[in-house]
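Residues per chain are reported as follows:
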Amino acid sequence: MSDDASEIEASSAKQTVDPIKSFLSGGFGGISCVLVGHPFDLTKTRLQTAAPGTYSGAVDVVRKTIAQDGIRGMYRGITPPILGVTPIFAISFWGYDLGKRIVYSFTPNRTSQHLSIGELAMAGGFSAVPATLVAAPAERVKVLLQVQGQGGQSAYSGPIDVVRKLYAEGGLRSLFRGTGATLLRDGPGSAVYFATYELLKKALSAAPETLPNGEKAPAPPLSLPAVMLAGGSAGVAMWSLAIPPDTIKSRLQSAPHGTYTGFMDCARKLIAADGVTALWKGFGPAMARAFPANAATFVGVELSLKAMDKLW
Ligand SMILES: CC(=O)O[C@H](CC(=O)[O-])C[N+](C)(C)C
């Protein structure tokens with residue numbers, strides 16, 4: 001067998017892909033995710049951060065936003081997510097692939113190349129580490145833009161203005177406020193996310209063939225509806241876990257300087273003021289977004305991988 005052929009066989013049996021392809025496919029997934037998911041995300045952030053009584057629910061946020069700002073209002077703050085989510089997803093999908101390679105390197109004497117769901121979850125959790133370095137400042141900027149324009153004056157004219165003002169106010173520390181909260185949300189969240197996708201992908205695929213070396217071949221490609229079902233469910237599974245740390249992250253990142261000393265302080269103050277259920281503010285819109293946005297993400301990922309596989 002040629003070196004190239006044995007490398008392809010080894011990497012497909014190992015469930016890893018070329019790092020450039022995993023990075024680019026994640027980027028395509030991110031763009032698809034933002035285009036479908038942004039209006040849901042804006043509704044969630046407004047519900048999470050508005051003073052009690054401002055909105056009666058998600059539909060009220062949409063009604064008031066459109067009445068005040070038109071349809072464009074639902075896409076307020078989309079520039080940072082497009083610019084931020086694309087690299088975040090690129091790094092996240094690349095990090096997931098890197099996480100799988102790390103698992104292999106720590107288990108050199110394994111009897112099967114196939115990664116268990118626990119190992120895939122570990123690789124998913126690992127992906128949040130590099131992704132958070134980009135996600136935390138991008139989310140800080142996005143949250144500040146999303147919460148303005150709810151009646152009062154706008155403090156920022158755009159993402160660059162936010163970055164400039166945050167840097168002037170507190171340097172990199174201010175720009176990176178909420179990094180720990182982002183990791184607490186995305187570490188466990190990404191573990192569940194990738195594990196759910198792989199689990200459903202396997203359940204929805206036809207039985208794999210056996211390779212000449214006795215290993216199972218990777219499952220044949222999924223149909224688009226199956227990719228959408230597995231991707232959408234991965235999003236729902238992730239957000240079922242991620243809403244409480246996300247609520248705290250949004251509060252931390254949107255509050256004036258000095259309001260909270262950290263994650264636990266913010267959680268304690270939020271629960272004391274609004275009760276424990278306040279941790280699940282924005283649950284409805286997050287869940288409403290989770291399925292379509294992540295169905296779109298994995299369609300973007302799988303289609304771009306397929307296109308790249310044809311190119312090189
Ligand atoms: C917070 C976030 O970006 O979650 C992604 C899914 C979504 O609904 O946006 C998943 N991942 C963290 C793996 C990029």
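Presented here is an overview of the structure given in this document. Note that this is a predicted model, so its numbers are computed, not measured.

Calculation rules
Residues numbered from 1 in each chain as written. Predicted model: local features only at pLDDT ≥ 70, side-chain atom pairs only at ≥ 80, totals over all residues. Heavy atoms only, no water. Axes fitted to C-alpha atoms, helices over the stretch in contact; angles between N-to-C directions. Helix = DSSP H or I, 4+ residues; strand = E, 2+ residues; numbered from the N terminus. Parallel < 35°, antiparallel > 145°, perpendicular 65-115°, else oblique. Left-handed = near helix turned anticlockwise from the far one by under 90°. Contact = heavy atoms within 4.5 Å. Nonpolar A, V, L, I, M, F, W, Y, C, P; charged D, E, K, R; others polar. Core = buried A, V, L, I, M, F, W, Y, C linked by side-chain atoms within 4.5 Å. Buried < 20%, exposed > 50% of the residue type's maximum accessible area, 1.4 Å probe, protein only. Near = heavy atom within 4 Å. Polar contact = N/O pair within 3.5 Å; in protein donor to acceptor, adjacent residues only side chain to side chain. Areas by Shrake-Rupley, 256 points an atom, 1.4 Å probe, with all protein chains shown as cover. 1 Å grid on protein atoms, 1.4 Å probe; cavity = no way out; pocket = protein on both sides within 12 Å on 5 of 7 lines; lining within 4 Å. Sits in = over half its atoms within 2 Å of the grid points. Expected span 1.5 Å × (residues − 1). Bend = angle between axes of the 7 residues up to and from the residue. Patch = residues over 30% accessible without salt bridge, like charges linked within 9 Å, V, L, I, M, F, W, Y side chains within 5 Å. Salt bridge = Lys/Arg side-chain N within 4 Å of Asp/Glu carboxyl O.

1. Examining the packing of helix H2 (residues 19–49) against helix H4 (residues 79–106)
Running from amino to carboxyl end, H2 crosses H4 at an angle of 140 degrees, the nearest separation of the two axes being 7 Å. Looking at the two axes, H2 sits oblique to H4. Crossing of H2 against H4: the hand is right-handed. Along the contact surface, H2 presents Pro19, Ser22, Phe23, Gly26, Gly27, Gly29, Gly30, Ile31, Cys33, Val34, Leu35 and His38, while H4 presents Pro81, Ile82, Val85, Thr86, Phe89, Ala90, Ile91, Phe93, Trp94, Asp97 and Arg101. Here the residues of the contact of H2 with H4 are counted per class, giving 14 nonpolar, seven polar and two charged.

2. A short note on the nonpolar core
Ranked by internal contacts, the top residues of the largest apolar core, which has 38 residues, are Phe89, Phe93, Tyr193, Trp239 and Phe298. Every element with two or more residues in this core is listed here: H2, H4, helix H5 (117–147), helix H7 (179–204), helix H8 (224–254) and helix H10 (283–311). Setting aside residues up to four positions removed in sequence, Trp239 forms contacts with Lys44, Arg185, Asp246, Met287, Arg289, Ala290 and Asn294. Core analysis: the next-biggest nonpolar cluster, separate from the first, contains eight residues, Ile248, Cys266, Ala267 and Ala278 among them.

3. Quick notes on the site of the ligand
As a structural note, the neighbourhood of the ligand is formed by Phe89, Ser92, Arg185, Asp186, Ser190, Tyr193, Phe194, Met238, Trp239, Arg289 and Asn294. Residue Trp239 places a side-chain N or O atom 2.8 Å away from an oxygen atom belonging to the ligand. For the ligand, an oxygen atom lies 2.9 Å from a polar atom in the side chain of Asn294. Protein contact buries 93% of the 370 Å² of open area that the ligand shows by itself. When each cavity is represented as a set of grid points, the ligand is found to reside in the largest cavity. Elements that contribute at least two residues to the shell around the ligand include exactly H4, H7, H8 and H10. If you tally residues by element for the shell around the ligand, the top one is H7, at five residues.

4. Observations concerning H2
Compared with an ideal rise of 1.5 Å per residue, which puts 31 residues at 45 Å, H2 spans 38 Å between its outermost C-alpha atoms and falls more than 12% short. Most pronounced at Gly37, the bend in H2 amounts to some 60 degrees, and the proline Pro39 follows within four residues. For H2, the side-chain oxygen to backbone nitrogen distance between the N-cap and Ile20 is 2.7 Å, and the N-cap itself is Asp18.

5. Re a nonpolar patch on the surface
The grouping of Ile20, Phe23, Leu24, Phe28, Ile31, Leu35, Val36, Trp94, Leu311 and Trp312 at the surface amounts to a nonpolar patch, some 950 Å² of accessible area in total. Turning to its location among the elements, Ile20 is positioned in helix H2. Among the residues examined, Ile20 registers a relative accessible area of 53% and is labelled exposed.

6. A closer look at the pattern of salt bridges
Close approach of charged atoms allows side chains with opposite charge to pair. Taken as a whole and assessed by the stated rule, the structure comprises 21 salt bridges. Note that Asp60 is salt-bridged to Lys64, the shortest N-O span being 2.9 Å. Of this pair, Asp60 and Lys64 both sit in helix H3 (residues 58–69), four residues apart, which is roughly one turn of the helix. A relative accessible area of 6% places Asp60 in the buried class. Using a relative accessible area of 34% as the deciding quantity, one classes Lys64 as partly exposed. Across the salt bridge formed by Lys165 and Asp161, the nearest N and O atoms sit 3.0 Å from each other. Here Lys165 pairs with Asp161, and both are found in helix H6 (residues 159–175), just four residues apart, close to one helical turn. The partly exposed category is assigned to Lys165, whose relative accessible area is 37%. Classification of Asp161 as buried rests on a relative accessible area of 7%.

7. With respect to helix H9 (residues 263–274)
The end-to-end C-alpha distance of H9 is 16 Å, a good match for the 16 Å that twelve residues give at a rise of 1.5 Å each. The set of residues buried in H9 consists of Asp265, Cys266, Ala267 and Leu270. Looking at the buried residues of H9, the elements they touch are H8. Count one or two residues on from H9 and you reach Gly275, which has phi positive near 85 degrees.

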